[in-house]
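# A structural walkthrough
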Amino acid sequence: MSEQTIALVTGANKGIGYEIAAGLGALGWSVGVGARDEERREAAVEKLRAAGVDAFGVPLDVTDDASVAVAAGLVEKRAGRLDVLVNNAGVTGGLPQEPTRVDPADVRTAVETNVIGVIRVTNGMLPLLRRSASPRIVNMSSAVGSLTRQTTPTAETGPISAAYAPSKTFLNAVTVQYAKELRDTNILINAACPGYCATDLNGFRGVRTPEQGAAIAIRLATLPDDGPTGGFFEDAGVVPW
Ligand SMILES: NC(=O)c1ccc[n+]([C@@H]2O[C@H](COP(=O)([O-])OP(=O)(O)OC[C@H]3O[C@@H](n4cnc5c(N)ncnc54)[C@H](OP(=O)(O)O)[C@@H]3O)[C@@H](O)[C@H]2O)c1
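Residues numbered from 1 in each chain as written. Predicted model: local features only at pLDDT ≥ 70, side-chain atom pairs only at ≥ 80, totals over all residues. Heavy atoms only, no water.

### Observations regarding the overall build of the chain
On a plain count of helices and strands, the chain comes out with seven helices and eight strands. For 241 residues, the compact-globule formula gives about 18 Å, and the C-alpha radius of gyration of the chain, at 17 Å, lands near that figure. Seen through its C-alpha atoms, the chain measures out along the principal axes to roughly 50 × 40 × 30 Å. Looking at the chain as a whole, 51% of its 241 residues qualify as buried. Carbon and sulfur atoms form 54% of the exposed surface of the chain, whose accessible area is close to 11200 Å². Charged side chains in the chain number 22 positive and 26 negative. The centres of these two groups are separated by 2 Å. (Helix = DSSP H or I, 4+ residues; strand = E, 2+ residues; numbered from the N terminus. Rg over C-alpha atoms; globule rule 2.2 N^0.38 Å. Buried < 20%, exposed > 50% of the residue type's maximum accessible area, 1.4 Å probe, protein only. Areas by Shrake-Rupley, 256 points an atom, 1.4 Å probe, with all protein chains shown as cover. Lys, Arg positive; Asp, Glu negative; His and termini not counted. Charge placed at Lys NZ, Arg CZ, Asp CG, Glu CD.)

Written as structure tokens, this is what we have:
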């Protein structure tokens, strides 16, 4: 098995995921670019390789069991194990998001990708992660999923949302449960908030760059063995639940 650290980033063809792949690649790691669209995936892999990253494409739709199984097989064949999984792929679920007007199908879409997708990919990759000396899992969440901030009148928590924000609250809760179950293993699993970044997700209205948003995920992907698990972090530190 290779000594080189092997990472997989979901939704790595653009936005924050792309920058996470670039950042991990700059560490000399081999990075799997998980993406569902072949053209967008190959374009990202090519761009990363041109920047000196040891990138490889991983066809991956996080909402599809068969796709995840094939992706795990591909990573196993390539590296025999996985050291770091960044569950970055995410969707807003569409508009409107106000609870009184939301289409239940949009709630389902958000949860299917942002929560169930993370569970599906994590469990699919877990056998490979267990072969690593220092496995790390980073779940890309959002501070809009913080119930503490949502109920603090002065906190900035974005538009009222019955799909996207609660899907991140759900993801945070799931992250805590994974950390509890995996407490006696060497796997560290944490949730990250990238801040409000200019990407497709928000029509490029964010005020931070995707590269800035990637920094917290890279920090959690490179935690030392005595690092935290079951936590929720942004650049400034702990995000309240
Ligand atoms: N931007 C922000 O301000 C912000 C703030 C807080 C948290 N976040 C979180 O950060 C993460 C990245 O978001 P972003 O802002 O970089 O958004 P983005 O530019 O829209 O990128 C989202 C990525 O997820 C992928 N994706 C969506 N559904 C997928 C599926 N079923 N299977 C595989 N990949 C899928 C997209 O692929 P396609 O190109 O194929 O659609 C794309 O690569 C998300 O989890 C988001 O919730 C973002």
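### Quick word on the pattern of salt bridges
All told, the structure shown has 12 salt bridges when counted by the stated rule. Of the charged contacts in the structure, one is a salt bridge between Glu42 and Arg41, with a shortest N-O distance of 3.4 Å. Look at Glu42 and you get partly exposed, because its relative accessible area is 35%. Here Asp54 ties to Arg78 by a salt bridge, and the two come within 3.6 Å at their closest N and O atoms. On the criterion of sequence distance, the pair formed by Asp54 in strand 3 (residues 54-59) and Arg78 in helix 3 (residues 65-79) is long-range, its members being 24 residues apart. Among the charged side chains, a salt-bridge network with shared partners connects Asp65, Glu112 and Arg120. (Salt bridge = Lys/Arg side-chain N within 4 Å of Asp/Glu carboxyl O.)

### What to know about the sheet that holds strand 5 (residues 136-140)
Strand order across the open sheet formed by eight strands is 3-2-1-4-5-6-7-8, with mixed pairing between neighbours. A strand with exactly one partner marks an edge of an open sheet, and here the two such strands are strand 3 and strand 8 (237-238). In this structure, strand 2 (residues 30-35) lies alongside strand 3, joined through six bridges in parallel fashion. Pairing of Ser30 across the sheet is with Asp54, part of strand 3. Against the sheet, helix 1 (residues 15-26) touches strand 1 (6-10), strand 2, strand 4 (84-87) and strand 5, its axis set at about 170° to strand 1. Across the sheet, helix 6 (residues 164-181) touches strand 5, strand 6 (188-192) and strand 7 (232-234), and the angle it forms with strand 6 is around 165°. (Pairing = 2+ DSSP bridges. Contact = heavy atoms within 4.5 Å. Axes fitted to C-alpha atoms, helices over the stretch in contact; angles between N-to-C directions.)

### Considerations on the packing of helix 1 against helix 2 (residues 38-50)
Close contact between helix 1 and helix 2 brings their axes to 10 Å; oriented N to C, the two are set at 35°. Of the two possible hands of crossing, helix 1 and helix 2 adopt the one that is right-handed. Within the contact between the two elements, helix 1 uses Tyr18, Ala21 and Ala22 and helix 2 uses Ala44, Lys47 and Leu48. Looking at the contact of helix 1 with helix 2 residue by residue, the class counts come to five nonpolar, no polar and one charged. (Left-handed = near helix turned anticlockwise from the far one by under 90°. Nonpolar A, V, L, I, M, F, W, Y, C, P; charged D, E, K, R; others polar.)

### Notes on the site of the ligand
The environment of the ligand is made up of 29 residues, and the closest members are Asn13, Asn88, Tyr164, Cys197 and Thr199. Here an oxygen atom of the ligand and a side-chain polar atom of Arg36 are 2.8 Å apart. The backbone of Gly90 places a nitrogen or oxygen atom 3.4 Å from an oxygen atom of the ligand. With the chains in place, 95% of the 900 Å² that the ligand exposes on its own is no longer accessible. (Near = heavy atom within 4 Å. Polar contact = N/O pair within 3.5 Å; in protein donor to acceptor, adjacent residues only side chain to side chain.)

### Some points on helix 7 (residues 210-221)
Owing to its 3.6 residues per turn, the α-helix aligns residues three or four sequence positions apart on the same side. For helix 7, with 12 residues, the first-to-last C-alpha span of 17 Å sits near the 16 Å given by 1.5 Å per residue. Among all positions of helix 7, only Gly213, Ala214, Ile216, Ala217, Ile218, Leu220 and Ala221 are buried. Those residues of helix 7 hidden inside the fold are in contact with helix 1, strand 4, strand 5, strand 6 and strand 7. (Expected span 1.5 Å × (residues − 1).)

### Focus on the packing of aromatic side chains
A full pass over the atoms with the stated rule returns one aromatic pair. Measuring from ring centre to ring centre gives 5.7 Å for Phe232 and Trp241, while their planes differ by 20°; the resulting arrangement is stacked. (Phe/Tyr/Trp six-rings, centres within 6.5 Å; stacked < 30°, edge-to-face > 60°.)

### A closer look at the state of the cysteines
Under the definition given, this model contains zero disulfides. With no disulfide of its own, Cys197 lies closest to Cys193 among cysteine sulfurs, the gap being 7.9 Å. Residue Cys197 is classed as buried on the basis of its relative accessible area, which comes to 3%. (Disulfide = S-S within 2.5 Å.)

### Focus: the side chain of Thr175
Tracing the backbone through its elements, the reader meets Thr175 in helix 6. In this view, Thr175 contacts Asn139, Ile189, Asn190 and Ala191; residues no more than four positions away in its chain are not counted.

Take it as geometry only, folks, not as evidence of what the structure does.
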